[in-house]
Amino acid sequence: MSEIGRRLVHVSGTALPALYLLGWVTWEQLGILLVVGSVVVAVLEFIRLQVGLDWWIYRELTREYEQDNPAGYALYFFSMTAVAWVFEPYVAIPGMLMLTIGDPISGILGSNDASTGKQAGVLLVMFGVCFALAWPFVDPQASFPVAIAAAGLGALGATLADGLKPVVAGYVVDDNLSIPPAAAVGIWVVLALFG
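Predicted model only: the values in this text are computed from it and were never measured.

Rules used in this analysis
- Residues numbered from 1 in each chain as written.
- Predicted model: local features only at pLDDT ≥ 70, side-chain atom pairs only at ≥ 80, totals over all residues.
- Heavy atoms only, no water.
- Helix = DSSP H or I, 4+ residues; strand = E, 2+ residues; numbered from the N terminus.
- Buried < 20%, exposed > 50% of the residue type's maximum accessible area, 1.4 Å probe, protein only.
- Contact = heavy atoms within 4.5 Å.
- Areas by Shrake-Rupley, 256 points an atom, 1.4 Å probe, with all protein chains shown as cover.
- Expected span 1.5 Å × (residues − 1).
- Bend = angle between axes of the 7 residues up to and from the residue.
- Patch = residues over 30% accessible without salt bridge, like charges linked within 9 Å, V, L, I, M, F, W, Y side chains within 5 Å.
- Salt bridge = Lys/Arg side-chain N within 4 Å of Asp/Glu carboxyl O.
- pLDDT = per-residue confidence, 0-100.
- Core = buried A, V, L, I, M, F, W, Y, C linked by side-chain atoms within 4.5 Å.
- UniProt positions renumbered as here; feature names shortened; annotations may be inferred.
- Polar contact = N/O pair within 3.5 Å; in protein donor to acceptor, adjacent residues only side chain to side chain.
- Phe/Tyr/Trp six-rings, centres within 6.5 Å; stacked < 30°, edge-to-face > 60°.

## Overview of the overall build of the chain
No. 1: Each helix and strand counted, the chain has nine helices and two strands in total.
No. 2: Per-residue burial over the chain gives 45% buried out of 195 residues.
No. 3: Within the chain, contacts between residues separated by at least 24 positions form 71% of all contacts whose residues are at least 6 apart in sequence.
No. 4: Element-wise, carbon and sulfur atoms account for 71% of the exposed surface of the chain, whose accessible area totals about 9,600 Å².

Quick look at the structure:
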């Protein structure tokens, strides 16, 4: 599958926060859906890694470094579930959207491995997209300067998580795991201190 195909699958995750934004589920119901999804994903990953589940979709969508480690889609689900349970919607939703929309845009423009950072232009676009995604959610919660700072710090957190992939104990910390919490913590800190 092409990189664009992989990114389109990534964007499809926007349907999860959209369920809440469209009023089809409550915030609590979305949290439960995410937990159920995370449990299913954890079982699939356990079977894939321990038993040897070899579906064609795994061969198409997983990268080489994911062959013997949890795949990005699992980390994606886990991180979205975590922010949904820890933060209020006006903090968590921007973090989720930065992962489902910002990350694929950044990935199409340029990619990096654990030893290199992304190009400055790609990081600038990622920051701009993430800021635009955060702004509508934090604006009603705070004054204009605080909303700017919250959206900016959230976007900065997501951009750094996207651009730098540290290796911890030989495992690449995938941005699918780090973008939502980095963004949400940035937004939350500003709103907690100044909002």
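Don't stop here, the text continues.
## Structural notes on helix H6 (residues 89-109)
No. 1: Helix length check: H6 (21 residues) gives 29 Å between terminal C-alpha atoms against 30 Å at 1.5 Å per residue, within 8%.
No. 2: At Met 98, H6 shows its strongest bend, of approximately 35°.
No. 3: For H6, the tally of buried residues reaches 16 of 21 residues, placing the bulk of the element in the interior.

## Remarks on a nonpolar patch on the surface
No. 1: A cluster of nonpolar side chains, Ile 32, Val 35, Val 36, Val 39, Val 40, Val 43, Trp 85 and Val 86, forms an exposed patch at the surface whose accessible area comes to about 740 Å².
No. 2: The set of elements that each furnish at least two residues to the nonpolar patch consists of helix H3 (27-51) and helix H5 (72-86).
No. 3: With six residues, the top contributor of residues to the nonpolar patch is H3.
No. 4: Along the chain, the position of Val 36 falls in helix H3.

## Things to note about the confidence of the model for the chain
No. 1: Residues with a pLDDT of 70 or more make up 87% of the chain, whose mean pLDDT is 87.
No. 2: The least confident element of the chain is helix H4 (residues 56-61), whose mean pLDDT is 60; the most confident is helix H2 (residues 15-21), at 97.

## Describing the nonpolar core
No. 1: Grouped together as the largest cluster of nonpolar side chains are 38 residues, with contacts concentrated most on Met 96, Met 98, Ile 187 and Leu 191.
No. 2: Put simply, the parts of the chain that give this core at least two residues each are H3, H5, H6, helix H7 (120-138), helix H8 (144-163) and helix H9 (175-194).
No. 3: When residues no more than four places from it in sequence are discounted, the contact partners of Met 96 are Pro 17, Trp 27, Leu 34, Met 80, Val 83 and Ala 84.

## A few points about the environment of Leu 34
No. 1: Turning to its location among the elements, Leu 34 is positioned in helix H3.
No. 2: Given a relative accessible area of 0%, Leu 34 falls into the buried group.
No. 3: C-alpha of Leu 34 to C-alpha of Ser 79: the two residues are 45 residues apart in sequence and 9.8 Å apart in space.
No. 4: Look past the residues within four positions of Leu 34 in its chain and what remains in contact with it is Leu 16, Phe 77, Met 80, Thr 81, Ala 84 and Met 96.

## Points about the UniProt feature "transmembrane region" (unreviewed entry) in the chain
No. 1: The residues that UniProt annotates with the feature "transmembrane region" (unreviewed entry) are residues 7-25, 31-49, 70-87, 121-138, 144-164 and 176-194.
No. 2: Here residues 7-25 runs as 63% helix and 0% strand, with 26 Å between its end C-alpha atoms.

## Looking at the side chain of Thr 81
No. 1: Positionally, Thr 81 belongs in helix H5.
No. 2: What makes Thr 81 buried here is its relative accessible area of 10%.
No. 3: Of the polar contacts made by the side chain of Thr 81, one reaches the backbone oxygen of Leu 34; its length is 3.1 Å.
No. 4: Apart from the residues within four sequence positions on either side, Thr 81 is in contact with Leu 34, Val 35 and Ser 38.

## Structural notes on the packing of aromatic side chains
No. 1: Applying the stated criterion across every chain, the model contains four aromatic pairs.
No. 2: A ring pair is formed by Phe 127 and Phe 131, whose centres lie 6.3 Å apart and whose planes are at 25°; its orientation type is stacked. Of the two residues, Phe 127 and Phe 131 are both situated in helix H7; the distance of four residues between them amounts to about one turn of the helix.
No. 3: Overall, the relative accessible area of 28% leaves Phe 127 in the partly exposed class.
No. 4: The exposure class of Phe 131 is partly exposed, given its relative accessible area of 24%.
No. 5: Centre to centre, the rings of Trp 135 and Phe 144 are 5.7 Å apart; their planes meet at 80°, and the pair counts as edge-to-face.
No. 6: Among the residues examined, Trp 135 registers a relative accessible area of 22% and is labelled partly exposed.

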